[in-house]
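Spelled out, the chains give:
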Amino acid sequence: MEPWFNEPLQPQIKVSGDAVTLSFDAAAYDLYMKQWKTKRVILESAPRDVFRRSRSEELTPETAQLAKSYLKQVSDYYRKNGWLDRLVFNSPIDEPTTRTTSRKPQVGVSGARSRARVPFLATKTPVPQHPEWGTLRGFVNNFSIHGNDLNGIAIKDAMREEQARAAR
């Protein structure tokens, strides 16, 4: 078991014009990452402080740039400290499907996430409920699967395949 989000490790976000600046609590990081050796930190990939500027369904270029800057700064901080393997970004859309990927936060986050090379978590199974919508496999590398779905043969097979892929 692990905490869903590590709130004390959320960076402070300041958005000013077209720039986002992050600050990290060194004392909290010392405690959680160095002393307690926290194995995984789940952070929001689309924090409200960054996305509050864009209320429309379409992600504006300005907000996409802020999202990319936020993700890069977080990734760089973890990389610099040797913790990148412990960082996971949570999907901005609960139980996403490929059908929802056109929604505002997903677009900007997906491109920035792939360039940052950090794990991405979605509250979904690797097997789509509606095959015509496609799968999130290859985009998401951490699936948070509902307990009711764990007994499905196709889901168990997909989980084994994903685990084998991660082990390589």
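Residues numbered from 1 in each chain as written. Predicted model: local features only at pLDDT ≥ 70, side-chain atom pairs only at ≥ 80, totals over all residues. Heavy atoms only, no water.

Trainee: Would you explain the side chain of T38 in this entry?
Mentor: Tracing the backbone through its elements, the reader meets T38 in the loop between helix 1 (26–35) and strand 3 (41–44). When residues no more than four places from it in sequence are discounted, the contact partners of T38 are N6, Y32, M33 and R86. (Helix = DSSP H or I, 4+ residues; strand = E, 2+ residues; numbered from the N terminus. Contact = heavy atoms within 4.5 Å.)

Trainee: Is there a simple way to think about helix 1 in this case?
Mentor: Given 3.6 residues per helical turn, the α-helix brings residues three or four places apart onto the same face. Inspection of helix 1 places A28, Y29, Y32 and M33 among the buried residues, and these make up the whole buried set. Projection of helix 1 onto a plane perpendicular to its axis shows the buried side chains occupying an angular sector of 95°, all on one side. The exposed set on the far side of helix 1, more than 90 degrees from its buried face, consists of A26, A27 and Q35. Where helix 1 begins, one side-chain oxygen reaches toward the backbone nitrogen of A27, 3.1 Å away; that side chain belongs to D25. (Buried < 20%, exposed > 50% of the residue type's maximum accessible area, 1.4 Å probe, protein only. Arc of directions from axis to C-beta. Polar contact = N/O pair within 3.5 Å; in protein donor to acceptor, adjacent residues only side chain to side chain.)

Trainee: Is there a simple way to explain unusual backbone geometry in this structure?
Mentor: Residues other than glycine predominantly adopt negative phi, and peptide bonds predominantly adopt the trans conformation. Non-glycine residue K37 carries a positive phi angle of around 55°. Residue K37 is classed as exposed on the basis of its relative accessible area, which comes to 55%.

Trainee: What is the right way to look at the layout of surface pockets in this model?
Mentor: Empty pockets left among the atoms are what a rolling probe the size of a water molecule brings to light. Here the largest pocket is characterised by a volume of approximately 430 Å³. Taken together, 18 residues make up the lining of the largest pocket; nearest its centre are N141, N142, F143, E162 and Q163. Among the elements of the structure, strand 6 (142–143) and helix 5 (153–167) are those that each provide at least two residues to the lining of the largest pocket. It is helix 5 that contributes the most residues to the lining of the largest pocket, five residues altogether. (1 Å grid on protein atoms, 1.4 Å probe; cavity = no way out; pocket = protein on both sides within 12 Å on 5 of 7 lines; lining within 4 Å. Points joined across faces, edges and corners; volume = space filled by probe spheres on them.)

Trainee: How should the pattern of salt bridges be read in this particular structure?
Mentor: Once their charged atoms are close, side chains differing in charge can pair, the charge on each being opposite to the other. For the structure shown, the criterion picks out three salt bridges. Here K72 ties to D76 by a salt bridge, and the two come within 2.6 Å at their closest N and O atoms. Here K72 pairs with D76, and both are found in helix 3 (residues 61–80), just four residues apart, close to one helical turn. Between D76 and R79 there is a salt bridge whose closest N-O contact spans 3.0 Å. With D76 and R79 both in helix 3 and three residues apart, this pair spans about one turn of that helix. Each of K72, D76 and R79 takes part in a single network of salt bridges with overlapping partners. (Salt bridge = Lys/Arg side-chain N within 4 Å of Asp/Glu carboxyl O.)

Trainee: Where do I start with the nonpolar core in this structure?
Mentor: One broad rule of soluble globular proteins: the nonpolar side chains tend to lie buried together. Membership of the largest hydrophobic core comes to 34 residues, with the highest contact counts inside it found for L9, Y29, L43, Y70, V74, Y78 and F89. Elements that contribute at least two residues to this core include exactly strand 1 (12–16), strand 2 (19–23), helix 1, strand 3, helix 2 (48–51), helix 3, strand 4 (87–90) and strand 5 (120–122). The element that contributes the greatest number of residues to this core is helix 3, accounting for seven residues. (Core = buried A, V, L, I, M, F, W, Y, C linked by side-chain atoms within 4.5 Å.)

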